[in-house]
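# A look at the structure
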Amino acid sequence: MKVITIKQPWATLIKEGYKKYEFRTWKTKFRGEILIHAGKGIDRKAMKRFEHLNLEYPTGCIIAKANITDCVYIDEKMAKSLQEKDSLIYYGFIDKVAGTGNYEKVWEGYGFKLEDVEKIAPIPINGQLGLWDYDDGKTKSSKSNEQLSLWDQENE
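Note that the structure is a prediction, hence the values are computed from the model and not measured.

### Quick look at the overall build of the chain
Per the secondary structure count, the chain includes four helices and eight strands. In sequence order, the chain lays out its α and β elements as β-α-β-β-α-β-α-β-β-β-β-α. Per-residue burial for the chain yields a buried fraction of 35% across its 156 residues. Summarising the internal contacts of the chain: among those between residues at least 6 apart in sequence, 77% fall at separations of at least 24. Put simply, the chain shows about 9500 Å² of open surface, and 47% of that area lies on carbon and sulfur atoms.

### Quick word on the nonpolar core
By size, the foremost hydrophobic cluster in this structure holds 29 residues, and its most contacted members are Ile6, Tyr21, Ile36, Phe50, Ile74 and Leu82. Elements with a contribution of two residues or more to this core: strand S1 (2-8), helix H1 (10-15), strand S2 (21-24), strand S3 (32-42), strand S4 (61-73), helix H3 (76-85) and strand S7 (110-124). It is S4 that provides the largest number of residues to this core, a total of seven residues. Counting residues in each nonpolar core, the second largest holds six residues, with Met1, Leu35, Trp132 and Tyr134 among its members.

### Let's talk about the pairing of S7
As paired strands, S2 and S7 are joined by four bridges and run antiparallel to one another. In the strand pairing of S7, arginine 24 is matched with tyrosine 110. When S4 meets S7, the two strands line up antiparallel, connected through ten bridges. Looking across to S7, one finds that isoleucine 62 is bridged to isoleucine 123.

### Looking at the confidence of the model for the chain
Taken over all residues, the pLDDT of the chain has a mean of 83, while the share at 70 or more is 78%. Predicted confidence in the chain is weakest over helix H4 (residues 145-154), with a mean pLDDT of 37, and strongest over H1, with 97. Taken together, the stretch residues 138-156 has pLDDT below 50 and engages in eleven contacts with residues farther than four places along the chain or on a different chain.

### Structural notes on H3
Burial in H3 covers these residues: Met78, Ala79, Leu82 and Gln83. Buried residues of H3, viewed axially, fall in a sector of 130°; they line one side. For H3, exposure combined with an orientation more than 90 degrees from the buried face picks out Lys77, Glu84 and Lys85.

### A short note on the sheet that holds strand S8 (residues 131-133)
Strand order across the open sheet formed by six strands is S2-S7-S4-S3-S1-S8, with mixed pairing between neighbours. Two strands close off the open sheet at either side, each with one partner strand: S2 and S8. With direction set aside, neighbouring strand axes in the sheet form an average angle of 45°. Summarising the sheet, S3 and S4 pair through seven bridges and their orientation is antiparallel.

### Section: the side chain of lysine 19
Relative to the helices and strands, lysine 19 is located in the loop between H1 and S2. Overall, the relative accessible area of 4% leaves lysine 19 in the buried class. Polar side-chain contacts of lysine 19 include one of 2.6 Å to the side chain of glutamate 22. Dropping the residues within four chain positions of it, lysine 19 is found in contact with Trp10, Leu13, Ile14, Ile89 and Tyr90.

Conventions adopted
- Residues numbered from 1 in each chain as written.
- Predicted model: local features only at pLDDT ≥ 70, side-chain atom pairs only at ≥ 80, totals over all residues.
- Heavy atoms only, no water.
- Helix = DSSP H or I, 4+ residues; strand = E, 2+ residues; numbered from the N terminus.
- Buried < 20%, exposed > 50% of the residue type's maximum accessible area, 1.4 Å probe, protein only.
- Contact = heavy atoms within 4.5 Å.
- Areas by Shrake-Rupley, 256 points an atom, 1.4 Å probe, with all protein chains shown as cover.
- Core = buried A, V, L, I, M, F, W, Y, C linked by side-chain atoms within 4.5 Å.
- Pairing = 2+ DSSP bridges.
- pLDDT = per-residue confidence, 0-100.
- Arc of directions from axis to C-beta.
- Axes fitted to C-alpha atoms, helices over the stretch in contact; angles between N-to-C directions.
- Polar contact = N/O pair within 3.5 Å; in protein donor to acceptor, adjacent residues only side chain to side chain.

If you want it as structure tokens, here you go:
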């Protein structure tokens, strides 16, 4: 199964349902089930922003499962929309230009839309860059579960 490593507090905010997009400077064509790995890296400045939530932020383990359903370019319209939706979670994409009512985009990249997030018991493991594979003992390859089921039937 595919895994994405994410710094804390962002991994936990996804697990708890606060954050619906994961942001990267690269796009992906991958769609489907993915595991959320809380990396050992911590965004200390962001951690202070979320102290009031009283959440636990484990590191170095897989903590959730989700589906990547889309990968969208974060243009100015999308950035404004996200910041209007939740400025605590989605900040830093655009800034108000001093002395004007205008905004300017300050970040370039993509948002991976995450849906159907499920909490799972932590699985200690070292993370990796990009999307990486984790074999939980139930999968035989990186094929989808439906493909695996067909493969199992054909190869019994």
